[in-house]
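Given next are the chains, with one letter for each unit.
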Amino acid sequence: MERRTFLTGAGAVTAGALATTVTGSPGSADPGIRRVETGLDVLVHSDFADLRGQRVGVISNPTGVDSAYRHLVDLMHSSGQVDVVAAFGPEHGFRGSAQAGGSEGTGTDARTGITVYDAYGASQAKWEAMFTQSGMDTVVFDIQDVGARFYTYIWTMYTSMVAAARVGKRYVVLDRPNPVGGRAYGPMMTAGYTSGVGLKEIVQQHGMTVGELARFFNAEFLPAEAGLPVELDVVRCRHWKRDRLAADTDLPWVMPSPNMPTTDTALVYPGTCLFEGVASITEGRGTCRPFELIGGLATDFDYHWGDRLNARNLPGVQFREAYFSPTAAGQKPALLNKPCAGVEVKIVDRGAYDPIRTGVAMLVEARKYPAFAWRQDAWDTLRPYWIDKLTGSPRLRTMIDAGADVADVVGAWADELATFDRQRQPYLLY
């Protein structure tokens, strides 16, 4: 497509090879004031100008709220300006009641009476059928992401964008800040290891907002996948800067999923979620500190793990010797309600903390215990190791198994990370 430029409140925005309208403004808030407005806040202030008179389908969950905790579907429904004809629930469901890997099913929303479709894991054909059946003109996406490739909401956005392009629907993203900031870290997904926790080639901690990712997807992947880009509009945030974490803003935190209770959970998640790929260690599901409490059976793991990690003097983090019994097991029923020993990840300097380097160090030290075992999934005989799907290739697993230390493992992805960082630059909005 030709290069197109759109004039917005922020001035001229060049959209490169994709037709994307970007509304809103980055603002110029005083550095001492941490007030941030999401795309939804901007849309509400405009009295829904971008959506008036349209039949809208909304992809969202409990995080789709404005600064007063009002949900966008309820706001649109009561505004009289927008005809909301359907909603679509991702993993955990539209109202967020389902656990990991679950959804709420298709039904009727009690407050608004609209049909809520179960969209978790939907194929392209199912997305296209739902979009056509709903009778909508425009798709609106508003979900709080947490900045990690394996958090599935960005892939809900991607597959729904492909479907919208194929059936000729407009796609609007109400942008939200990335709670873990705007820097990219970690290894690249490779084509042979794509899955529902990483459908396309981006790095593990992408450092982009959902609006920026949508622009990236639209230019880099949709032409090959859908035959053409989707008609994409991004309503951008105001007053957010790339170096700001969730704790640096006044935005309300609504749990994006049942095991993402705090902004510190989001900060550790890109690293400690790697323990989903370890059969003998729980990532703390079913505790009040999921992804911050990490441990294995107390008969197999002990205080030496935390001591060795603290001796590494990793930036921005300390480790507390911890004992707990997880009341949810995920894919590890042998650990359910069993006494576990391990560590609590304590962030002491958010600016210095590197979650993926920290996660690698934790794996390297945990691998020294005889009971350590990678999780293998019998349903995927060609790619049985879950850690390979999380990290994008077998490289991390095989290097750690071979005795590589942290600097070697992290250094192995330096070139691909630098390439991705250059590739994403044209699509950044903040």
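The shown structure was predicted, so the numbers you read here are calculated from the model rather than taken from an experiment. (Residues numbered from 1 in each chain as written. Predicted model: local features only at pLDDT ≥ 70, side-chain atom pairs only at ≥ 80, totals over all residues. Heavy atoms only, no water.)

Student: Tell me about the nonpolar core, residues and numbers included.
Tutor: Generally speaking, nonpolar side chains in soluble globular proteins are found buried as a group. Formed by 102 residues in total, the largest nonpolar core has its most connected members in Phe88, Met157, Tyr171 and Phe217. At ten residues, the largest contribution of residues to this core is made by helix α4 (residues 153-167). There are two domains that each give this core at least three residues, and those are domain 1 (39-252) and domain 2 (263-392). When sequence neighbours within four positions are dropped, the list of residues in contact with phenylalanine 88 reads Gly57, Val58, Ile59, Ser60, Phe94, Tyr117, Ala119, Trp127, Met130, Phe131, Ser134 and Met136. Met76, Phe94, Val172 and Leu174 belong to the second largest nonpolar core, which has 21 residues in total. (Core = buried A, V, L, I, M, F, W, Y, C linked by side-chain atoms within 4.5 Å. Buried < 20%, exposed > 50% of the residue type's maximum accessible area, 1.4 Å probe, protein only. Helix = DSSP H or I, 4+ residues; strand = E, 2+ residues; numbered from the N terminus. Domains from an automatic or database assignment. Contact = heavy atoms within 4.5 Å.)

Student: With reference to specific residues and values, describe the environment of proline 90.
Tutor: Note on placement: proline 90 falls in the loop between β5 (83-89) and β6 (107-108). For proline 90, a relative accessible area of 0% puts it in the buried group. The spacing of proline 90 and alanine 414 is 324 residues in sequence and 33 Å in space, taken between C-alpha atoms.

Student: Report on the packing of aromatic side chains, specifying residues and quantitative values.
Tutor: In the structure shown here, the tally under the stated rule is 23 aromatic pairs. Summarising the aromatic geometry, the rings of phenylalanine 301 and tyrosine 369 are spaced 4.8 Å apart at their centres and angled 45° between planes, so their arrangement reads as tilted. Of this pair, phenylalanine 301 sits in the loop between β14 (293-297) and α8 (304-311) while tyrosine 369 sits in the loop between α9 (355-366) and α10 (386-391); the two residues are 68 residues apart in sequence, bridging distant segments of the chain. For phenylalanine 301, a relative accessible area of 2% translates into the label buried. Put simply, the rings of Trp155, Tyr158, Phe216, Phe217, Phe221, Phe420 and Tyr427 pair up and form one aromatic cluster. The ring of phenylalanine 221 has lysine 200 sitting right over it, with the charged end atom 5.6 Å from the ring centre. (Phe/Tyr/Trp six-rings, centres within 6.5 Å; stacked < 30°, edge-to-face > 60°. Lys NZ or Arg CZ within 6 Å of the ring centre and 35° of its normal.)

Student: Lay out the packing of α8 against α9 in plain terms, naming residues and giving numbers.
Tutor: Packing of α8 against α9 brings their axes to within 10 Å, and their N-to-C directions diverge by 130°. Compared by their axis directions, α8 and α9 come out oblique. Considering the relative orientation of α8 and α9, their crossing is right-handed. Residue-level contacts link Trp305, Arg308 and Leu309 of α8 to Ala361, Met362, Glu365 and Ala366 of α9. Of the residues assigned to the contact of α8 with α9, the class counts are five nonpolar, no polar and two charged. (Axes fitted to C-alpha atoms, helices over the stretch in contact; angles between N-to-C directions. Parallel < 35°, antiparallel > 145°, perpendicular 65-115°, else oblique. Left-handed = near helix turned anticlockwise from the far one by under 90°. Nonpolar A, V, L, I, M, F, W, Y, C, P; charged D, E, K, R; others polar.)

Student: Quick one: what's the story with the sheet that holds strand β13 (residues 281-282), residue by residue and with numbers?
Tutor: Strand order in the open sheet formed by four strands is β13-β14-β16-β15, with antiparallel pairing between adjacent strands. For this open sheet the edge positions go to β13 and β15 (317-324), each flanked by a neighbour on one side alone. Strands β14 and β16 (340-347) of the sheet are contacted by helix α7 (residues 263-272), whose axis makes an angle of about 120° with β16. Contacts between α9 and the sheet are confined to β13, β14, β15 and β16, with β15 contributing the most and set at about 50° to the helix. (Pairing = 2+ DSSP bridges.)

Student: Any chance you could break down α9 for me, citing the residues and the numbers?
Tutor: Residues that lie three or four places apart on an α-helix share one face, since the helix turns once every 3.6 residues. Taking 1.5 Å per residue as the helical rise, α9 with its twelve residues ought to reach 16 Å, and the 16 Å between its terminal C-alpha atoms agrees with that figure. Summarising burial for α9: eleven of the twelve residues are buried, a large majority. For α9, the full list of buried residues reads Pro355, Ile356, Thr358, Gly359, Val360, Ala361, Met362, Leu363, Val364, Glu365 and Ala366. One side-chain oxygen at the N-terminal end of α9 lies 3.2 Å from the backbone nitrogen of isoleucine 356; it belongs to aspartate 354. (Expected span 1.5 Å × (residues − 1). Polar contact = N/O pair within 3.5 Å; in protein donor to acceptor, adjacent residues only side chain to side chain.)

Student: Residues and numbers for the domain arrangement of the protein chain, please.
Tutor: Interface size is commonly expressed as the accessible surface area that is lost when the partners come together. What the domain assignment reports for the protein chain is domain 1 (39-252) and domain 2 (263-392). Computed over C-alpha atoms, the centres of domain 1 and domain 2 are 29 Å apart. With 24 residues of domain 1 at the contact, the number on the domain 2 side is 19 residues. Of the roughly 1,900 Å² buried between domain 1 and domain 2, counting both surfaces, carbon and sulfur atoms make up 67%. Three residues stand out in domain 1 for area buried against domain 2, namely Phe150, Tyr193 and Gln204, and they jointly supply 29% of the buried area on that side. (Buried area = accessible area lost by both parts, 1.4 Å probe.)

Student: Describe α4, with residues and values.
Tutor: Between its terminal C-alpha atoms α4 stretches 21 Å, which fits the 21 Å expected from 15 residues at 1.5 Å a residue. Looking one or two residues beyond α4, the residue adopting positive phi is glycine 168, at roughly 75°.

Student: Go over the packing of α7 against α9, please, and point to the residues and values.
Tutor: One way to put it is that α7 packs onto α9 with a least axis distance of 7 Å and a crossing angle of 50°. When the axes of α7 and α9 are compared, the pair comes out oblique. As for the relative orientation of α7 and α9, their crossing is right-handed in sense. Here Leu267, Val268, Pro270, Gly271 and Thr272 of α7 lie close against α9, whose contacting residues are Pro355, Ile356, Gly359 and Met362.

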